[in-house]
Amino acid sequence: MTSPFRINSIRNKLFLIIMIISGVTLLLATLVFSVNDRLAARNTLIYIVSSQANIVGQNAAPALTFLDREAAEEVLSGLALQNHIEVARLYDVDEQLFAEYIHDDGTTDLSTQQFDSTPITFNGNHLELYQPVQLDGEQIGTVYVRANMETLGNRLGNYTRLAFSVFISLLLLTWLLTSKMHRSISVPIKQIVDVARQVTRNDDYSVRAQKVTDDELGELVEGINLMLDQIQFRDSKLAQHATELEKRVADRTADLEALTKQLRHQAYHDELTGLPNRALFVDRLKKSLAHSVRTNGRLAVMFLDLDRFKSINDTLGHASGDRLLHAVANRLKSCIREGDTLTRPGGDEFAFILPSLEEPQEAVRLAQELLSTLQAPFELDGHEIFLTASVGISIFPMD
């Protein structure tokens, strides 16, 4: 039994290709959206922290000008409502710490941190930002803000989990849609394969595939059915031609057999009287002699010759002579026994083979009967023809 999950199946190949392409596309889209969301969130955090640092700088500018540390620390403490702000510092123009704010939950010791002029720095889960404090276009100090990105990370984690949930859902939906879609492709193909196998296994070209779609597969089914029509028509024609050929061969064979029989008859029989000729006489004589030797029997051979037959041909013509010979043969045939052979070796001669004689007198009596049957006149073209004949007899084994 063939496994439905074999890789060499077009159905499974198509399903696997679609699922791989869909999965890779959805995964890339999820990653792109996650990265884009992370970058957007970081940029948003930078914008928020930068805006807050700018506000702090503007509010702390008078305190820096008049070196009012208490007022500066009060401005910085206004960031207490911003939970993501861990540390805020105000440096004077000489980059010396003037005032600072540390959130109550702040656990990081920043007392030894050195001033760094890098505007924006990401340090682990923290954003560090330096922004100048200006008054009338002149820099009088610098604001340092350290923001915790943990909240941002949690939000990004939630976004990522949501994105991957959407990814799994879309992948499952793709699987369902693909399963339904690839059946519309694989079912016609399987039907074509089943038809091909049935044709191959049973040599039955009358089966047809059912067209279930109007796309290229439907055109393929129509093409295969048309091909089967042509093959069936061709086989029908071949079968018809084979039948006709067999009939012609049978007719030709019958004609050849008839012709062979006719030629064989002509080869061993006299054309005029239909009696065996000299060749058949010799053949039958050899067989009869061999039989007589095996059985110690007697065999007689008689030759009958018509007297003055040449004068009849000269007087009445050869056509009349032939008709007379035919009439003589019919009379002679009426006299011989069953098993005797009457032949016409040629001309006006007739030869007899008389096997299985009880006594020599049987041949004598037959000779007398032959001569007697020829005494009656023959009617030929209004003439009565009287014939006489001479008979010679030889007896085996005596002669």
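Before reading on, note that the structure itself is shown above.
This report concerns the structure included in the present document. (Residues numbered from 1 in each chain as written. Predicted model: local features only at pLDDT ≥ 70, side-chain atom pairs only at ≥ 80, totals over all residues. Heavy atoms only, no water.)

1. Describing the sheet that holds strand E7 (residues 341–346)
- Spatial ordering of the open sheet is given by E7-E8-E6-E11, a layout of 4 strands whose pairing is antiparallel. Of all the strands in the sheet, just E7 and strand E11 (389–396) have a single pairing partner and so form its edges. Neighbouring strand axes in the sheet, compared pairwise and without regard to direction, differ in orientation by 20° on average.
- By the bridge criterion, 8 bridges tie strand E6 (residues 298–306) to E11 in an arrangement that is antiparallel. The residue bridging Leu304 from the neighbouring strand is Val391, located in E11.
- Against the sheet, helix H8 (residues 361–373) makes contact with E6, strand E8 (349–357) and E11, and its axis sits at roughly 165° relative to E11, the strand it touches most. (Pairing = 2+ DSSP bridges. Helix = DSSP H or I, 4+ residues; strand = E, 2+ residues; numbered from the N terminus. Axes fitted to C-alpha atoms, helices over the stretch in contact; angles between N-to-C directions. Contact = heavy atoms within 4.5 Å.)

2. With respect to a negative patch on the surface
- A cluster of acidic side chains, namely Asp68, Glu70, Glu73 and Glu74, defines a negative patch on the protein surface.
- Within the element layout of this structure, Asp68 appears in the loop between helix H1 (10–65) and helix H2 (69–77).
- You can call Asp68 partly exposed: its relative accessible area is 35%. (Patch = residues over 30% accessible without salt bridge, like charges linked within 9 Å, V, L, I, M, F, W, Y side chains within 5 Å. Areas by Shrake-Rupley, 256 points an atom, 1.4 Å probe, with all protein chains shown as cover. Salt bridge = Lys/Arg side-chain N within 4 Å of Asp/Glu carboxyl O. Lys, Arg positive; Asp, Glu negative; His and termini not counted. Charge placed at Lys NZ, Arg CZ, Asp CG, Glu CD. Buried < 20%, exposed > 50% of the residue type's maximum accessible area, 1.4 Å probe, protein only.)

3. A few points about the pattern of salt bridges
- Tallied over the entire structure, the rule returns 11 salt bridges.
- Put simply, Glu100 and Arg89 hold a salt bridge, and the shortest N to O gap is 2.9 Å. Of this pair, Glu100 sits in strand E2 (residues 97–102) while Arg89 sits in strand E1 (residues 85–92), and the two are 11 residues apart along the sequence.
- Using a relative accessible area of 33% as the deciding quantity, one classes Glu100 as partly exposed.
- Arg89 gets classed as buried once you look at its relative accessible area, which sits at 3%.
- Between Arg365 and Glu359 there is a salt bridge whose closest N-O contact spans 3.6 Å.

4. Quick look at the packing of aromatic side chains
- The final tally for this structure, using the stated rule, is 2 aromatic pairs.
- Plain terms: the ring middles of Phe281 and Phe303 are 5.9 Å apart, the flat faces sit at 75° to each other, and that makes the pair edge-to-face. Highlighted residues: Phe281 in helix H5 (residues 278–295) and Phe303 in strand E6, separated in sequence by 22 residues.
- In this structure, Arg69 is placed above the aromatic ring of Phe98, and the distance from its NZ or CZ to the ring centre is 4.8 Å.
- Note that Arg331 overlies the ring of Phe378, its terminal NZ or CZ placed 3.6 Å from the centroid. (Phe/Tyr/Trp six-rings, centres within 6.5 Å; stacked < 30°, edge-to-face > 60°. Lys NZ or Arg CZ within 6 Å of the ring centre and 35° of its normal.)

5. Structural notes on the nonpolar core
- In terms of nonpolar packing, the biggest core is built from 29 residues, with Leu304, Leu306, Leu324, Val328, Leu332, Phe350 and Phe352 touching the most fellow members.
- Secondary-structure elements contributing two or more residues to this core are E6, helix H6 (309–316), helix H7 (318–333), E8, H8, strand E9 (378–380) and E11.
- Per-element accounting of this core gives the leading share, 5 residues, to H7. (Core = buried A, V, L, I, M, F, W, Y, C linked by side-chain atoms within 4.5 Å.)

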